[in-house]
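What the coordinates show
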Amino acid sequence: MIYKVFYQEAKDATPRREQTRALYLDIDAKDELEGRIIARQLVETHTAYNIEFIELLSENHLEYEKTHANFSITEF
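Attention in this report is confined to the structure presented alongside it. (Residues numbered from 1 in each chain as written. Predicted model: local features only at pLDDT ≥ 70, side-chain atom pairs only at ≥ 80, totals over all residues. Heavy atoms only, no water.)

**Let's talk about the environment of Glu59**
Going by this rule: A run of DSSP states H or I qualifies as a helix once it reaches four residues; a run of E qualifies as a strand once it reaches two. Both are numbered from the N-terminal end.
Following the sequence through the fold, Glu59 ends up in helix H2 (residues 59-68). Glu59 sits 58 residues away from Met1 along the chain, and the two C-alpha atoms are 9.6 Å apart.

**Some points on the pattern of salt bridges**
If charged atoms from side chains of opposite charge come close, those side chains can pair. Let me state the cut-off plainly: Any carboxyl oxygen of Asp or Glu within 4 Å of a side-chain nitrogen of Lys or Arg constitutes a salt bridge here.
Taken as a whole, this structure holds five salt bridges when the rule is applied. Residue Glu32 is joined to Arg36 by a salt bridge in which the shortest nitrogen-to-oxygen separation is 2.6 Å. A residue pair is termed a helical-turn pair when its members lie 3 or 4 positions apart in one helix, as Glu32 and Arg36 do in helix H1 (residues 32-46) at four residues. In this structure, Glu44 engages Arg40 in a salt bridge whose closest nitrogen and oxygen atoms are separated by 3.4 Å. Within this pair, Glu44 and its partner Arg40 are both found in helix H1, separated by four residues, close to a single helical turn.

**Observations regarding the packing of aromatic side chains**
Condition: Centres within 6.5 Å are what make two rings of Phe, Tyr or Trp a pair, Trp counting through its six-membered ring; a difference in plane orientation under 30 degrees is then read as stacked, over 60 as edge-to-face, and the rest as tilted. Relative accessibility thresholds used throughout: buried, under 20% of the residue-type maximum; exposed, over 50%; partly exposed, between the two (1.4 Å probe, protein chains only).
Tallied over the entire structure, the rule returns three aromatic pairs. For the ring pair Tyr24 and Phe71, a centre distance of 4.7 Å and an interplane angle of 55° mean the geometry is tilted. Taken together, the residues Tyr24 in strand S2 (residues 21-26) and Phe71 in the segment after H2 connect sequence positions 47 residues apart. In this structure Phe71 comes out as partly exposed when scored by relative accessible area, which is 22%.

Printed below as a string of structure tokens:
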């Protein structure tokens, strides 16, 4: 399952939509909730990012992201 993680680069700054970034994680999980938990743990362990939202991508959304966004799977 591919998850899109929206984040701010600094935890001490006030979140601003214009500064929101995204990364993509390929998570092997039994359900969506477990995948979100694993994604949050990975990002919090390996970065100092302020996580805003974690979204499971549907097949259609994933295809759109691959063609219209700066898509690459992040590995920690």
